[in-house]
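One letter stands for each residue in the lines below.
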Amino acid sequence: MRLVERDEHVRSLDGLLDECRGRRGHVVVLDGPVTTGKTELLRVFTERASTDVVVLRATCSRAERALPLGVLTQLLHSASLPLDIADRAAQLLKEGAASDALPRTHHDTVEPEAVQLFQGLGAVLLDLASESPVLIAVDDVQHADDSSLHCLLHIVRRIGSARILAVLTEDAEFGAQHSPFRAELRRQSQFHRLRLAPLTRAGVAEVLRDRPSGPSVELGDGPPQQPDSPAAPWRVDDFFRISGGNPLLLHALIEDHHLAGEARPQGYGLALLNCLYRDKPVITYVARALAVLDQEGDVKALAQLAGTDTEAVGRALHDMEAAGLTDNGVFRHPVARSAILDGLQAPDRAALHRRAAQLMHARGAAVMTVAHHLVESKHTQGQWAVQVLLEAADQALLGGRTWFATECLALAHRSCGNEQERPGIRARLAQAEWELNPSAAARHLTPLAAAADTGQLAHGDLLVLLRHLLWHGRTSEARPVLERIRDARTETREIAHVVPTRNTELWLAATHPQLARRHQGPASAGEGPPTLADPHGDPWLRSAAELAGLLTDGPGDPAADRAERVLDGLGLGLGRTSPWTEEAVQLALLGLICAGRLRSAADQCEKLLAEADTREAPVWSAMASATRAEIAVRQGDLAAGAAYARQALAQLPPQAWGVAIGFPLGSLILAVTRMGDYEEAAKHLTYSATDGMFQSRYGLHYLHARGHYYLATDHPHAALADFISCGELMRSWGLDAAALVPWRTGAAEAWLRLGNRDQAKRLLHDQLTSAGADRPRIRGSALRLLAATGPMARRPDLLTEALDLLEDCGDRYEQARALVDLNRSYYQLEEYRRARMVFRRAWHVADLCDAGPLAKELLAASGDCNNPDTASGSTDGIPSLTGSERRVASLAVMGCTNREIASKLHITASTVEQHLTRVYRKLKVKRRKDLPVDLRSDLVKTERAQLDCG
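Residues numbered from 1 in each chain as written. Predicted model: local features only at pLDDT ≥ 70, side-chain atom pairs only at ≥ 80, totals over all residues. Heavy atoms only, no water.

**Q** What's the story with the overall build of the protein in this structure? I'm lost.
**A** Scanning the protein from N- to C-terminus turns up 49 helices and nine strands. Burial status across the protein gives 55% buried among its 950 residues. For the protein, restricting intrachain contacts to residue pairs at least 6 apart in sequence, the fraction spanning at least 24 positions comes to 69%. Approximately 39,500 Å² of the protein is accessible, and the part contributed by carbon and sulfur atoms is 50%. (Helix = DSSP H or I, 4+ residues; strand = E, 2+ residues; numbered from the N terminus. Buried < 20%, exposed > 50% of the residue type's maximum accessible area, 1.4 Å probe, protein only. Contact = heavy atoms within 4.5 Å. Areas by Shrake-Rupley, 256 points an atom, 1.4 Å probe, with all protein chains shown as cover.)

Below, the structure is given as structure tokens:
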């Protein structure tokens, strides 16, 4: 690609070449920072040279500096020379190869035999120039061998009247290495120096105008964008900022942008490595040290890590800055740093990080910085490193960097030489890995259980182990751990062994109640009431225990208020390193749900989900999604409930959920069942539920949802068995007051399906007199079913009361069910106008819920009255109605007045009357109540478009 902003240099070289044709020679040195386009400029210029010029090319290499006459050999073999000149050159090069004088030739030592050889080769080139102009192009002359440099100097001294133009490229620091050669060149009157700097922003913009087609590039002015996003268009400033104006980096970046829309390691990264490897080795060493230390190291630290002095580091940093590789001592793009590190052999990279860890620890750097190098080196150097890793793990967990915390803890566990400390570190590692994937952490449970048997785990670690074992349903292994917790003694003088276990017992009673002690006799001295949390120990375990106690007693306003305070404390960033924070949060959310504060619970879940996006917390996110699903189902938002449940199940693999999988599965099965997708519900019911799940509160959600699936698919006996099982478990566990699932209303509905109204009525009366009966959702659902057990005349009153309660609690699905029942009751009581008005509301609410089966039930219930003797006239004339007449008639059949129809359809009441008159005539009916109920089918189209405003 053409190098803009270099045209002036090319024109200058063209002018010197023209003078060369007039027997006036010149020598030109192109210098500048490494890879600022010198090679490209030399290539462009040599290609522009006309056919009357003999172009001799050579590229110098650091690896060939010890090869005598290596550059001269390249020059003389790079073009077709006249036969006599080619023979002379070949003979001289052969003599040089056989001579032992050339290897002893240095910049300040030249033997006579070598001088004669240089004179002969110089004469060859001068004779060639006498026949046609000669362009000598040497790239990276700083790497040329000493013999070739002496020969070039011999030619330059005699170039004044010769038709020779010598163009040499070198790095900016060339003079430091080749001062005699540079000094000799500068003394010549025909010497010229052209310095190349990185491209300016305008130069980069001009290069981009000639780019190949690809992703969008904005050439206008404006602030830099976020070029790391492939979807975002890049600006000139982005290319200039990342490339630093370095042509090699710029071309690679343009190619990357064309192919991928972002900088790539195999493009931009490789180009940067080429820049480094073409330069002096010290620059490569400093660049590696800079990549390892990133922004943490100063010049002295870089010098220690690179194995050189601070002066050399300063020069290297200056060179990289001048070449556009860095910006204020920092690589311009993360790909640059990663490319340098990835280019190292694994042992070399580990060694650098190991030395960096020692260096930064000695300099008192932050533990996170030192731990990063220890983790990268996969090695520690003593107990100090283990302590650094443990402290860094705590900080990482607090900051949401769970992956890094696990790496720190894993290395600390491998490196710890104290066998008494290793189990405790493993316990911390298991908890950190559990936050990412509980199934991955399960590999630690067996060795931790063995450590618990030998007394090597602290009390807090035993509690975490107990929780993990129960999460995975490993109850038999959990029992001895629980007994050890109960037998543990505390160092607190005032309280014996009962204090540390009380919080555990309260938590167990709400989560794994089968293991909880419920009959321990009178409280011991200092123990306090058995339902109160112990003030000692982990504050988040204490919160979980307090919330569990409030939940089992029956969630009310005190429990809900305490739950909101706990969640507000979480918002302050407290307790992020506690393994019990998640349990406390889940119990707080459950308390809000059971207390009927669904909006508050939903808001808290949304906050948790938003925060989880900024942290490495898949378990947090999955549990928050599962809780959000439960809330959505209780609100009657079935589609959202199913979506949240699917999201929760996608965030963790099934085996990672352990016994808690019953929670999201229950919400998903219930939601899709109520939506009418029985096939998906059946698919989820094929999950192999474990005994451990049914021994925890999570199994209650699964049983309750399965019971409703059986009801929906006409298996009332199976449904009744599941609901009764829920009730027996909840009563035996002491969780009946918590009202985790409404098992009595489910069982009552199953009894009604089986035709046993007495059993249904008994359960519903129990529900209405039990704890929590004052909560609108529980009472409303019970009254709705109770209406079905009584005389027809009383049903509308009970259903209306139920509807008011369900509207208060915001459960749209239960509202729709109450409206369907109320619609059916009105039709059976032949109150058709009221039935039609209720039908409209029921259809609308069922549609909002995506409750397809309810909509079908609604149509079937009101369709019973679609006969000539009750509600409708003939349907033969319906096809003859115009679109406007059908819309008016569909609203009229739903009970809307003429004024309401006019308002909804934006027409006058007179027009409504005219339409209805024609409808009556075509359908052969005399009044509105005789309109055929089949006109309701038009409501599906009309209702969604227009009835929301009513």
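**Q** Can you help me understand the pattern of salt bridges in this one?
**A** Here the idea is simple: oppositely charged side chains can pair when their charged atoms come close. Using the criterion set out here, one finds 48 salt bridges in the structure. Linking Glu 311 and Arg 315 is a salt bridge whose minimum nitrogen-to-oxygen distance equals 3.2 Å. Here Glu 311 pairs with Arg 315, and both are found in helix α15 (residues 310-322), just four residues apart, close to one helical turn. In this structure Glu 311 comes out as exposed when scored by relative accessible area, which is 55%. With a relative accessible area of 42%, Arg 315 lands in the partly exposed category. Salt-bridge contacts for Glu 630 lead to Arg 634; the nearest nitrogen and oxygen are separated by 2.8 Å. Placement of the pair is Glu 630 and Arg 634 together in helix α31 (residues 618-634), with a separation of four residues, close to one helical turn. By relative accessible area, which is 7% here, Arg 634 ends up buried. Because the salt bridges share partners, they merge into one network encompassing Arg 784, Glu 814, Asp 821, Arg 824 and Glu 857. (Salt bridge = Lys/Arg side-chain N within 4 Å of Asp/Glu carboxyl O.)

**Q** Can you help me understand the pairing of strand β1 (residues 26-32) in this one?
**A** Remember that side chains alternate between the two faces of the sheet whenever the strand is regular. With seven of seven residues buried, β1 lies mostly within the body of the structure. Because side chains alternate across β1, one face comprises the buried residues His 26, Val 28, Leu 30 and Gly 32, and the other comprises Val 27, Val 29 and Asp 31, equally buried. Both β1 and strand β5 (residues 191-195) contribute to a ladder of five bridges, which runs parallel. Each bridged residue has a counterpart across the sheet, and for Asp 31 the counterpart in β5 is Arg 195. (Pairing = 2+ DSSP bridges.)

**Q** Is there a simple way to think about the confidence of the model for the protein in this case?
**A** Low-confidence regions, as indicated by low pLDDT, have predicted coordinates that should not be scrutinised in detail. Mean pLDDT over the protein stands at 85; residues scoring 70 or higher make up 87%. This stretch, residues 226-231, has a pLDDT under 50; its non-local contacts, to residues over four places away or in other chains, come to 14 contacts. Confidence drops under pLDDT 50 across residues 490-499; counting only partners more than four residues distant or on other chains, this segment forms 11 contacts. (pLDDT = per-residue confidence, 0-100.)

**Q** Would you take a moment to explain the packing of aromatic side chains for this structure?
**A** By convention here, two paired aromatic rings are described through the distance between centres and the angle between planes. Counting across every chain of the model gives six aromatic pairs. Here the aromatic rings of Tyr 827 and Tyr 832 are separated by 5.7 Å at their centres, their planes lie at 50°, and the arrangement is tilted. Of the two residues, Tyr 827 and Tyr 832, both sit in the buried class. Relative to Trp 843, the ring of Phe 839 has its centre 6.0 Å away and its plane inclined at 25°; by these criteria the two rings are stacked. Highlighted residues: Phe 839 and Trp 843, both in helix α44 (residues 832-849), separated by four residues, approximately one helical turn. (Phe/Tyr/Trp six-rings, centres within 6.5 Å; stacked < 30°, edge-to-face > 60°.)

**Q** Looking at this structure, I do not really get unusual backbone geometry. What am I missing?
**A** A negative phi angle is the norm for most residues apart from glycine, just as the trans form is the norm for most peptide bonds. In this model, Arg 23 sits at a positive phi of 65°, which is unusual for a non-glycine residue. Within the secondary structure, Arg 23 is located in the loop between α1 (7-21) and β1. Arg 23 sits in the partly exposed class, given a relative accessible area of 47%. Despite not being glycine, Asp 714 has its phi angle at roughly 65°, a positive value.

**Q** Explanation requested: the nonpolar core in the structure shown.
**A** One broad trend across soluble globular proteins is that nonpolar side chains are buried collectively. Ranked by size, the top nonpolar core spans 145 residues in total, and within it Leu 457, Leu 465, Leu 466, Val 481, Leu 587, Trp 657 and Leu 740 carry the most contacts. Excluding residues that lie within four positions of it along the chain, Leu 587 makes contacts with Trp 507, Ala 510, Ala 544, Leu 547, Ala 548, Leu 551 and Arg 697. (Core = buried A, V, L, I, M, F, W, Y, C linked by side-chain atoms within 4.5 Å.)

**Q** For this particular structure, what's the right way to read a negative patch on the surface?
**A** On the surface, Asp 797, Glu 801, Asp 804 and Asp 808 cluster together to form a negatively charged patch. Mapped onto the elements, Asp 804 comes out in helix α42 (residues 795-809). Here Asp 804 falls in the partly exposed class, since its relative accessible area comes to 43%. (Patch = residues over 30% accessible without salt bridge, like charges linked within 9 Å, V, L, I, M, F, W, Y side chains within 5 Å. Lys, Arg positive; Asp, Glu negative; His and termini not counted. Charge placed at Lys NZ, Arg CZ, Asp CG, Glu CD.)

**Q** Which parts of the structure should I look at to understand empty space enclosed by the protein?
**A** Any space left empty among the atoms is revealed by the rolling of a water-sized probe across them. In the structure shown here, the tally under the stated rule is nine cavities of 30 Å³ or more. Empty space within the largest cavity amounts to approximately 260 Å³. In this structure, the largest cavity is lined by 23 residues; those nearest its centre are Arg 674, His 704, His 708, Pro 742 and Arg 777. Top contributing element to the lining of the largest cavity by residue count: helix α41 (residues 776-789), with five residues. Here the lining of the largest cavity is composed, by residue class, of seven nonpolar, eight polar and eight charged. (1 Å grid on protein atoms, 1.4 Å probe; cavity = no way out; pocket = protein on both sides within 12 Å on 5 of 7 lines; lining within 4 Å. Points joined across faces, edges and corners; volume = space filled by probe spheres on them. Nonpolar A, V, L, I, M, F, W, Y, C, P; charged D, E, K, R; others polar.)

**Q** Looking at this model, I keep getting lost on the sheet that holds β5. Mind explaining?
**A** Two orientations exist for strands paired in a sheet by backbone hydrogen bonds: parallel and antiparallel. The strand order across the open sheet built from five strands is β2-β3-β4-β1-β5, with neighbouring strands paired in parallel fashion. The open sheet has two edge strands with one neighbour each: β2 (54-59) and β5. On average, each strand axis in the sheet is tilted by 15° relative to the strand beside it, whichever way the strands run. Docked against the sheet, α1 engages β1, β3 (134-139), β4 (164-171) and β5, running at close to 150° with respect to β4. (Axes fitted to C-alpha atoms, helices over the stretch in contact; angles between N-to-C directions.)

**Q** Can you walk me through the environment of Asp 811 in this structure?
**A** Structurally, Asp 811 is set in the loop between α42 and α43 (812-828). A residue is classified by how much of its surface remains accessible, and Asp 811, at 0% relative accessible area, is buried. Asp 811 sits 31 residues away from Gly 780 along the chain, and the two C-alpha atoms are 9.8 Å apart. Once residues lying within four places of it in the same chain are set aside, the contact partners of Asp 811 are Arg 634, Gln 635, Gly 636, Arg 777 and Leu 806. There is a polar contact of 3.1 Å between the side chain of Asp 811 and the backbone nitrogen of Glu 814. (Polar contact = N/O pair within 3.5 Å; in protein donor to acceptor, adjacent residues only side chain to side chain.)

**Q** Where do I start with the side chain of Ser 625 in this structure?
**A** Within the element layout of this structure, Ser 625 appears in helix α31. Residue Ser 625 is classed as buried on the basis of its relative accessible area, which comes to 0%. Within the structure, Ser 625 has its side chain in polar contact with the side chain of Gln 651 (distance 3.3 Å). Residues contacting Ser 625, with those up to four places away along its chain left out, are Leu 609, Tyr 644, Gln 647, Ala 648 and Gln 651.

**Q** Just checking my understanding: could you explain the environment of Tyr 687 for this structure?
**A** One can find Tyr 687 in the loop between α35 (678-685) and α36 (691-694). Expressed as a C-alpha distance, the spacing of Tyr 687 and Pro 654, which sit 33 residues apart in the sequence, is 9.3 Å.

**Q** Looking at this structure, I do not really get the packing of helix α14 (residues 299-306) against α15. What am I missing?
**A** Think of two packed helices as two axes; the pair is described by the angle between the axes and how far apart they sit. Where α14 meets α15, the axes come as close as 9 Å, and the angle between the chain directions of the two elements is 105°. Classified by the interaxial angle, the pair formed by α14 and α15 is roughly perpendicular. Between α14 and α15, the contacting residues are Val 299, Lys 300, Leu 302 and Ala 303 on the first element and Thr 310, Val 313 and Leu 317 on the second. When grouped by side-chain class, the residues that make up the contact of α14 with α15 number five nonpolar, one polar and one charged. (Parallel < 35°, antiparallel > 145°, perpendicular 65-115°, else oblique.)

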